[in-house]
Amino acid sequence: MNKFSRIGFILAAAGSAVGLGNIWRFPYITGEYGGGAFILIYLLAILFIGLTMFLAEAVIGQNGQSDVSTSFVALSTSKNKNWKFAGFMVATGLIILSFYSVVLGWILDYVITSFSTLPNEASIAGANFERLISEDVGSLIVYHTLIAGTVIFIVLKGIKDGIEKINLILMPLLGLILAGLLIYALTLDSFSQAVSFMFTPDFSKIDSHALLAALGQAFFTLSLGVGTILTYSASLPKKANFVKSSIVVAIVDTVIALVAGLIIFTFLFTAGAESAAGPGLVFISLPVIFSGWGMLGHIIAVSFFVALVFAGITSAVSMIEPALRFFIERYKISRQKATLICGGSFYFLGIIALLSMSKSFGAHLTFFGKNAFDIMDFMTSSIMMPLAAILICIFLAYFVEKDTLKEKFLAHTNETVFNIWYFLIKFIVPIAITILLLNKLGAI
Ligand code: TRP
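The written sequence of each chain sets the order in which its residues are numbered from 1. Local features in this predicted model are restricted to residues whose pLDDT is 70 or higher, and side-chain atom pairs enter the listing and the counts only when it is 80 or higher, whereas totals over whole chains, interfaces and linings include all residues. As a rule here, side-chain values cover all heavy atoms of the structure and leave hydrogens and water aside.

*Asks:* Even after reading the chapter, I still don't get the overall build of the protein chain, so can you show me in this structure?
*Replies:* Numbering of helices and strands runs from the N terminus; a helix is a DSSP stretch of H or I covering at least four residues, while a strand is a stretch of E covering at least two. On a plain count of helices and strands, the protein chain comes out with 18 helices and 2 strands. Restricting the calculation to C-alpha atoms gives the radius of gyration, and the globule rule supplies 2.2 Å times the number of residues raised to the power 0.38. Relative to the globule expectation of 22 Å for 444 residues, the C-alpha radius of gyration of the protein chain, 21 Å, shows essentially globular dimensions. Seen through its C-alpha atoms, the protein chain measures out along the principal axes to roughly 65 × 45 × 45 Å. Should any heavy atoms of two residues lie within 4.5 Å, those residues are considered in contact. For the protein chain, long-range pairs separated by at least 24 residues make up 82% of all intrachain contacts whose partners lie at least 6 apart in sequence. Note on areas: Shrake-Rupley, 1.4 Å probe, and residue coverage restricted to the protein chains presented here. Accessible surface computed for the protein chain: about 17200 Å², of which carbon and sulfur atoms make up 68%. Note on charges: Lys and Arg go in the positive column, Asp and Glu in the negative column, and His and the chain ends are not counted at all. Lysine's charge is taken at NZ, arginine's at CZ, aspartate's at CG and glutamate's at CD. Across the protein chain, the mean location of the 26 positive side-chain charges is 14 Å away from that of the 23 negative side-chain charges.

*Asks:* How do you make sense of the packing of helix α2 (residues 20-32) against helix α12 (residues 242-270) when you look at a structure like this?
*Replies:* The axes of two packed helices give the description: the angle between them and the distance between them. Lines fitted to C-alpha atoms define the axes, with helix axes restricted to the stretch in contact, and inter-axis angles between N-to-C directions lie between 0 and 180 degrees. Their axes nearest at 9 Å, the elements α2 and α12 cross at an angle of 65°. By crossing handedness, the relation of α2 to α12 is classed as right-handed. Contacts from Asn22, Ile23, Phe26, Pro27, Thr30 and Gly31 of α2 reach α12 at Asp253, Ile256, Ala257, Leu258, Ala260, Gly261, Ile264 and Phe265. For this classification, the nonpolar set comprises Ala, Val, Leu, Ile, Met, Phe, Trp, Tyr, Cys and Pro, the charged set comprises Asp, Glu, Lys and Arg, and every other residue, Gly included, is treated as polar. Looking at the contact of α2 with α12 residue by residue, the classes come out as 9 nonpolar, 4 polar and 1 charged. Note: crossing handedness is left-handed where the near helix turns anticlockwise from the far helix by less than a right angle, and right-handed where it turns clockwise.

*Asks:* Is there a simple way to explain helix α16 (residues 372-398) in this structure?
*Replies:* An α-helical segment advances 3.6 residues per turn. Residues three or four places apart therefore align on the same side. An expected span of 1.5 Å times one less than the residue number is assigned to each helix. Helix length check: α16, at 27 residues, gives a terminal C-alpha distance of 37 Å against a target of 39 Å (1.5 Å per residue), a fit within 8%. In this analysis the local bend is the angle between axes fitted, respectively, to the seven residues ending at and the seven residues starting at the residue. Of all the bends in α16, the greatest, near 35°, is centred on Thr380.

*Asks:* Is there a simple way to think about the site of the ligand in this case?
*Replies:* Being near a molecule or strand, for a residue, comes down to having at least one heavy atom within 4 Å of it. For the ligand, the set of nearby residues contains 17 residues, the closest of which are Ala17, Gly21, Tyr100, Phe220 and Val226. For the ligand, an oxygen atom lies 3.1 Å from a polar atom in the backbone of Leu20. Between the ligand and Asn22 there is a distance of 3.4 Å, counted from an oxygen atom to a side-chain nitrogen or oxygen. Alone, the ligand offers 360 Å² of accessible surface; in the complex the protein occludes 100% of this. Of all the secondary-structure elements, those providing two or more residues to the shell around the ligand are α1 (6-17), α2, α5 (90-116), α10 (208-221) and α14 (294-330). Taken together, the residues of the shell around the ligand break down into 8 nonpolar, 9 polar and no charged. We call two N or O atoms a polar contact when they sit within 3.5 Å, provided that within protein one can donate a hydrogen and the other can accept it, with sequence-adjacent residues counted only if both atoms are side-chain atoms.

*Asks:* So what exactly am I meant to see when it comes to the pattern of salt bridges here?
*Replies:* Two side chains that carry opposite charge are able to pair once their charged atoms sit near each other. When a carboxyl oxygen of Asp or Glu is within 4 Å of a side-chain nitrogen of Lys or Arg, the pair counts as a salt bridge. Going through the model one piece at a time under the given rule, you end up with 6 salt bridges. When the shortest N-O distance is used, the salt bridge between Lys160 and Glu164 registers 3.4 Å. In this pair, Lys160 and Glu164 are both assigned in helix α8 (residues 158-186), 4 residues apart and thus about one turn of the helix distant. Each residue gets one of three labels from its accessible area relative to the maximum for its type: buried under 20%, exposed over 50%, partly exposed in between, using a 1.4 Å probe on protein chains only. The class of Lys160 is partly exposed, set by a relative accessible area of 31%. Judged by relative accessible area, Glu164 falls into the buried class, the value being 8%. Between Arg335 and Glu321 there is a salt bridge whose closest N-O contact spans 2.8 Å.

*Asks:* Honestly, the packing of α1 against α12 in this entry has me stumped. Any pointers?
*Replies:* It is the contact of α1 with α12, at a shortest axis distance of 9 Å, that shows an interaxial angle of 40°. One way to sum up the angle between α1 and α12 is to call them oblique. Considering how the two elements wind past one another, α1 and α12 form a crossing that is right-handed. Between α1, through Arg6, Phe9, Ile10, Ala13, Ala14 and Ala17, and α12, the contact on the second element is made entirely by Lys244, Ser245, Val248, Val249, Val252 and Asp253. For the contact of α1 with α12, a count of residues per class yields 8 nonpolar, 1 polar and 3 charged. To sort the angles, those under 35 degrees are grouped as roughly parallel, those over 145 as roughly antiparallel, those from 65 to 115 as roughly perpendicular, and the leftovers as oblique.

If you want it as structure tokens, here you go:
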């Protein structure tokens, strides 16, 4: 049987959740929104919205034991075939993967160059980064090809020998590297400053933007709204405790984000650098700090960027799997053929994304003032993911028998937990996400 073991599922789902979102995005948006208060809101968003949606995808997937669209139909009241259309969400993963692979390519470049040179000034670091993404098209294509090739190689081997195995190797290694970096951070004086930055809430920094950013981050970091968790849960044995597994994954994901934050803010404060540097935090600010640490700096830089690659690869494989499963189950084609179709499409889109940021091709790949890379990002995280999430809520609240859901939850937890979950999925989550969606669309 090509199924996860229970620990295999937890590692794979955690591998999906833990990615660039935790180590790159979480620290920089926390920095931008001023630390403690933002983190508090983020934790509430994970608990009440993220975990609720995670459980929603898990229950649909585990019940269906199939691809996204088949699983929707299977759980719907009187098995309504119209729910097949929910399968649209598997396309989101492929689009995210296109530019995620490009970003992983940048990080690969950082791994390689960090062995020999680190920039000793922010202006140089900024110029290096700029040159990499806008001029070095040849290298970027090579990196994107390497990452895409790795992802394709892993998923070709299937759930057990591919996805489960790679997570069994990379997740503990990632844990080790982060533990090492955390221990080093603990020896630095500014560690306590990082702790107080992250855990002393200052609510004057919080406005509606911060609330929505926390919500969006909770969503992205738990890999929701793409069918990833749903599809992975479809390979979870039918009797396994999906409630407990989901909670464990949410905890692992949160702990890793917090640890990454502690490490990065300690490093930044040691150098007296800005905490609000934005997306360039990891690509521009950190290398300059590492360069001041001599040999040790190189070791830390390489370890840090390797950790990012590991975290990213396990997320990348989880973005393509929903589409693969969809093609395999619905069109009865082989995993090889499905991989060829899906791998080919995201590889091609990735090339477009990377060219769209370059000086030479950018102008041709810019539409409505946004380049293709940003368009793919916007379409997925601002539109398709929230839409899929709202759809999942409506589906569960109005098109599935409540008793069916209750029975699934009661096999593993008590009635209070179920009632809270059901209330959240019926009212709170869809409202919160609708507000997020409208805000992204500029309507509010
Ligand atoms: N959660 C991952 C991160 O934090 C990204 C990710 C993986 C993802 N799979 C996904 C995001 C599916 C959305 C949908 O980096």
